[in-house]
Amino acid sequence: MTSKLGLNNHRMTTDDQVSWYRREVEELKGFKYLTSGKINFIKILKIAAGSSAAILIADLLGLNYSASAGIITLLSIQDTKKETLLVAGKRLLAFILALLTAYVLFTSLGFYTVTFGIFLLVFISLSYLLKLQEGIAMCSVLVTHFLIEKIWSRYLSLMKVS
């Protein structure tokens, strides 16, 4: 029997046919047909739904730059839950590091582009040293919000009130 399914048109034995059908059935189980090949449609759906939900939640909470929450979600979703949680944990630690670094630099040197450049030098160096590279881009974008808004004093006042 010759294959019409791109199996190099060689004759398949019964054992070959059974093996081929078993592989096909295994691939189709659990929607794996959506993730086999070059496009992972399930991951695409997770990214789209997660990013949209993050923006909606940030809007409901009245946060400025709610679109950033969607982009952070987009950047954070990995292939497995374990990888996603690992990246999320590293990004949280990087965020704390970025806030502390930005606070020290902006309050001592002012809200200037040069200060942001110094922030990048210090923060990126520390991130690599602490193996938190996954958070560099995300945290740098978030720190630009402080640079743009110049809000440390207002932010700290809100922290004292709450």
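Residues numbered from 1 in each chain as written. Predicted model: local features only at pLDDT ≥ 70, side-chain atom pairs only at ≥ 80, totals over all residues. Heavy atoms only, no water.

1. Topic: the pattern of salt bridges
Basically, it comes down to this: Should a side-chain nitrogen of Lys or Arg be within 4 Å of a carboxyl oxygen of Asp or Glu, the pair is scored as a salt bridge. Secondary structure counts use DSSP, requiring at least four H or I residues in a row for a helix and at least two E residues in a row for a strand, with both numbered from the N terminus.
The full count for this structure, using the stated rule, is two salt bridges. Residue lysine 43 is joined to aspartate 79 by a salt bridge in which the shortest nitrogen-to-oxygen separation is 3.0 Å. Highlighted residues: lysine 43 in helix α3 (residues 41-60) and aspartate 79 in the loop between α4 (66-76) and α5 (81-109), separated in sequence by 36 residues.

2. As for the nonpolar core
To keep it simple, the criterion reads: Among the buried residues, those of types Ala, Val, Leu, Ile, Met, Phe, Trp, Tyr and Cys that are joined through side-chain atoms within 4.5 Å form a nonpolar core. Only protein chains enter the accessibility calculation, which uses a 1.4 Å probe; a residue is then buried when its area is under 20% of its type maximum, exposed when over 50%, and partly exposed in between. Contact definition: two residues touch when any of their heavy atoms are within 4.5 Å.
In this structure, Phe106, Phe119, Phe123, Val143 and Trp152 are the most contacted members of the largest nonpolar core, which totals 21 residues. At the level of elements, α5, α6 (113-129) and α7 (136-149) are the ones that each hand at least two residues to this core. Setting aside anything within four residues of it in sequence, one finds phenylalanine 106 in contact with Phe111, Tyr112, Thr115, Phe116, Val143, Leu147 and Trp152.

3. Remarks on the confidence of the model for the protein chain
Heads up, the rule is: A score between 0 and 100, pLDDT records how confident the predictor is in each residue.
Looking at the protein chain as a whole, its pLDDT mean stands at 80, while 71% of the residues score no less than 70. When mean pLDDT is taken per element in the protein chain, α6 scores highest with 97 and helix α8 (residues 152-161) scores lowest with 48. Long-range and interchain partners of residues 156-162, a stretch whose pLDDT sits below 50, account for one contact in this model, where long-range means more than four residues apart.

4. Some details on the environment of serine 68
Inspection of the secondary structure puts serine 68 in helix α4. Residues contacting serine 68, with those up to four places away along its chain left out, are Leu142 and His145.

5. What about the packing of α5 against α6?
Where we set the bar: Axes here mean lines fitted to C-alpha atoms, for a helix over just the part in contact, with angles spanning 0 to 180 degrees between N-to-C directions. By definition, turning the near helix anticlockwise from the far helix through less than a right angle yields a left-handed crossing, and turning it clockwise yields a right-handed one.
Their axes nearest at 10 Å, the elements α5 and α6 cross at an angle of 150 degrees. Here the hand of the crossing between α5 and α6 comes out right-handed. Contacts from Ala94, Leu97, Ala98, Thr101, Ala102, Leu105, Phe106 and Leu109 of α5 reach α6 at Thr115, Phe116, Ile118, Phe119, Val122, Phe123, Leu126 and Ser127.

6. What about unusual backbone geometry?
Phi at tyrosine 65 takes a positive value of approximately 55 degrees, unusual for a residue other than glycine. With respect to the helices and strands, the residue tyrosine 65 is situated in the loop between α3 and α4. Given a relative accessible area of 33%, tyrosine 65 falls into the partly exposed group. Here lysine 131, not a glycine, exhibits a phi torsion of approximately 60 degrees, which is positive. Within the fold, lysine 131 resides in the loop between α6 and α7.

7. Looking at the side chain of serine 127
Mapped onto the fold, serine 127 is located in helix α6. Excluding anything up to four places from it in sequence, serine 127 contacts Leu97, Leu132, Gln133 and Ile136.

8. Details of α6
Going by this rule: Expected helix span is taken as 1.5 Å per residue step, with the number of steps being one fewer than the number of residues. As used here, the arc is the angular range of directions from the helix axis to the C-beta atoms.
Between its first and last C-alpha, α6 extends 24 Å over 17 residues, near the 24 Å set by a 1.5 Å rise per residue. All of the buried residues in α6 are Thr115, Phe116, Phe119, Phe123 and Ser127. Considered in projection along α6, the buried side chains sweep an arc of 90 degrees and stay on one side of the axis. Facing away from the buried side of α6 by over 90 degrees, the exposed positions are Val114, Leu121, Tyr128 and Leu129. At its buried positions, α6 is contacted by α5 and α7.

9. Structural notes on α7
Relative to the 20 Å expected for 14 residues at 1.5 Å per residue, α7 spans 20 Å between its end C-alpha atoms, a close match to the ideal helical length. Looking only at α7, the buried set comprises Ile136, Met138, Cys139, Ser140, Leu142, Val143, His145, Phe146 and Leu147. Positioned one or two residues after α7, lysine 150 has a phi angle of 50 degrees, which is positive.

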